[in-house]
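Observations on chain architecture
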Amino acid sequence: METLTDQNWLLSVGVFLPMLGVLVMLFIPRAEEALVKTVGIVAAGATLAIGVVTLVNFDYGAAQKLQFFVDAEWIPVIHSNYTIGLDGISLPLYFLSMAVTFLVMIYSWDNMPDAGNPKAFFILMLVLQTGMAGTFVAQDLILFFVFFELVLLPMYFMIGVWGGEERQYASLKFFLYTMFGSAFMLIAFLALFFQTGAESFGFQHLIEASSTIPHDVQVWIFAGMFLGFAVKVPMFPFHTWLPDAHTQAPTQGSVLLAAILLKLGTYGFVRIALPMLPQGAVEWAPVIGVLAVIGIIYGALGCLAQTDMKRLIAFSSVAHMGFVMLGISTLTTFGINAALFGMVAHGLITGMLFFVAGSVKHRYHTLEIKRLSGMLIQMPRMGWILGFAAMASLGLPGLAGFWGEFPAILSAYSPGFGLNEALFRTLMVIAALGTVLAAAYLLWLYQRTAFGTPSEEFAGHSDAEHESLGGGHGQVAHSLSSAANDDLHADDHDEIHDVGLTEWIAWSPFLIAIVVFGVYPQLMFKIFDPAVIQMLDRMKVSLGK
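Residues numbered from 1 in each chain as written. Predicted model: local features only at pLDDT ≥ 70, side-chain atom pairs only at ≥ 80, totals over all residues. Heavy atoms only, no water.

1. Here we look at the pattern of salt bridges
In total, this model carries seven salt bridges according to the counting rule given. Here Asp87 makes a salt bridge to Arg271, at a shortest N to O gap of 2.5 Å. Within this pair, whereas Asp87 is found in the loop between strand E3 (80–86) and helix H3 (91–108), its partner Arg271 is found in helix H11 (residues 251–276), the two being separated by 184 residues in sequence. With relative accessibility at 2%, the residue Asp87 sits in the buried group. With a shortest N-O distance of 3.7 Å, Asp498 and Arg381 are connected by a salt bridge. Pair noted here: Asp498 is in the loop between helix H19 (480–493) and helix H20 (501–519) and Arg381 is in helix H16 (residues 380–393), with a separation of 117 residues, a long-range link. Given the relative accessible area of 37%, Arg381 is considered partly exposed. Among the ionic contacts, a cluster of salt bridges with common partners joins Lys173, Asp244 and Arg311. (Salt bridge = Lys/Arg side-chain N within 4 Å of Asp/Glu carboxyl O. Helix = DSSP H or I, 4+ residues; strand = E, 2+ residues; numbered from the N terminus. Buried < 20%, exposed > 50% of the residue type's maximum accessible area, 1.4 Å probe, protein only.)

Encoded structure:
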């Protein structure tokens, strides 16, 4: 693979700069909360600035080449090098990890979870950022595995310490499921290395040597990678950790999990499993396609059964990631481009939905859908933002979600590499029905939470009482029959107000990006496409097609 080595310091700085922030924060007393938050936000902001410099200096005319490439000796005894690089497949996800972490930290300034301790919380987010960014730039299997696993511990503690009532159960389930998948993935990595006899664990060496692996061996090694990456996606039936993790995680954890961490699995399929094991990919593609479509329908039906707003959004992720995996399973340029676009779109849209859910929980102290209503009256701006995110999530044309789902469905009409057309066209039809179900559960959620009048439990706490924060929609009368109830909940629900300043700052980039990429998707497709074409061309050469 051709590489560009100009400014090869950029990626190393972009990956490890958050750790400098961690080092500084270790010497700040825990009681200095404002200083701790400031240092954390500055570190994340500086990392994002490096990301912007990377975007500016990236050669978009050579998006198929690895740029800012570094290949240095790391652990020679196990043939593993510090090899990193960035191409069109990884650039959007790499930058997205930086932007989301920075915006989540801004949101955290006024929205710390009840457990407190901003010092530990911000340190974990910075460590998480290093793991996420490193995964997207690693070009060595061992290095990839280290970064891939680095994200596990910070998220485990974020859920287990700052999560909801069932946080310990959810965090343990998350940890065990991910470790289960990682064990198979590591075995597959080692088997691939020994079977190829490659000189190192570098991606390029393994891709070049993969044609020497017998067909049956490729199928079995791909099975190990499939388990590792499918758990992370998560695909049906390995998804059961996700609703619990999302429901119990703090808002920040849910946003990072939805926006970035779920993409590590799908990215692994595109970056590692397909190009290194093309014969295995062709054999497993129908299985992946079938499981993806089952996940689309199952996730949608699961959403319709939920009574908790956050759990509903979590199940929607199972459905949306099913569209991503369907696109990947077609083994076509069209499908994989759609899948990559869908990864970014899902990160923006579902991240936004979890932001709104977290703010609703902060104000109402509940996410039970039947207790929420009249949001457009009490918090009109919040209500409209929820509606906007719901429309984007159901795939409304003109918003980013459409370009992740519609092309993925369409790509199944003509799958690549001689895959069964009848099977994939059947999957296409079933997946299309999933979009109808998506409209059903998202509009039903929006109708129950935003329309109507506020429930009696919260009726005495209209945003009109907080005009300075953007209300001004009329006073909601206190009836004598609800006076006792108002007094009972006054201490708990007196913070029901519309979108605040830090929320606007954190959310606006998400909202703008959803519109921009929805109106002009070519901004991303032109980055993905050259690298995807090159990857599939190499697969064809390896397969002799």
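Don't stop here, the text continues.
2. A closer look at the pairing of strand E2 (residues 66–75)
Sheet topology places strand E1 (residues 3–4) next to E2; two bridges connect them, and they run parallel. Following the sheet pairing, Leu4 is matched in E2 by Gln67. Two strands pair when backbone bridges link them, and E2 and E3 are joined in this way by six bridges, in the antiparallel orientation. Within E3, the position partnered with Ile75 by the bridge is Ser80. (Pairing = 2+ DSSP bridges.)

3. Brief notes about the packing of helix H1 (residues 9–26) against helix H4 (residues 118–137)
For the pair H1 and H4, the least separation of the axes is 9 Å and the interaxial angle reads 165 degrees. The angle between H1 and H4 falls in the class roughly antiparallel. Of the two possible hands of crossing, H1 and H4 adopt the one that is left-handed. Between H1 and H4, the residues in contact are Leu11, Val15, Phe16, Pro18, Met19, Gly21, Val22, Met25 and Leu26 and Lys119, Phe122, Ile123, Leu126, Val127, Gln129, Thr130, Ala133, Gly134 and Val137, respectively. Broken down by class, the residue content of the contact of H1 with H4 amounts to 14 nonpolar, four polar and one charged. (Axes fitted to C-alpha atoms, helices over the stretch in contact; angles between N-to-C directions. Parallel < 35°, antiparallel > 145°, perpendicular 65-115°, else oblique. Left-handed = near helix turned anticlockwise from the far one by under 90°. Contact = heavy atoms within 4.5 Å. Nonpolar A, V, L, I, M, F, W, Y, C, P; charged D, E, K, R; others polar.)

4. What to know about the packing of aromatic side chains
For the structure on display, the rule yields 31 aromatic pairs. Between Phe58 and Tyr60 the ring centres are 5.1 Å apart and the planes differ by 65 degrees, which places this aromatic pair in the edge-to-face class. The exposure class of Phe58 is buried, given its relative accessible area of 3%. Both rings, one in Phe144 and one in Phe229, keep their centres 6.3 Å apart while their planes meet at 85 degrees; by these two values the pair is edge-to-face. Note that Phe144 is positioned in helix H5 (residues 141–150) and Phe229 in helix H9 (residues 215–232), a separation of 85 residues in sequence. In this structure, Phe144 and Phe229 share a single accessibility class: buried. (Phe/Tyr/Trp six-rings, centres within 6.5 Å; stacked < 30°, edge-to-face > 60°.)

5. Describing the sheet that holds E3
Sheet architecture is open: three strands sit in the order E1-E2-E3, paired in mixed fashion. Only two strands of the sheet have a single neighbouring strand rather than two, namely E1 and E3. Contacts between H5 and the sheet are confined to E2 and E3, with E3 contributing the most and set at about 75 degrees to the helix.

6. Details of the environment of Met524
When you line up the elements, Met524 lands in helix H21 (residues 522–543). Taking the relative accessible area as the measure of exposure, Met524 reaches 3% and is therefore buried. Met524 sits 183 residues away from Phe341 along the chain, and the two C-alpha atoms are 7.0 Å apart. Met524 has contacts with Pro92, Phe341, Val344 and Phe517, leaving out every residue within four places of it along the chain.

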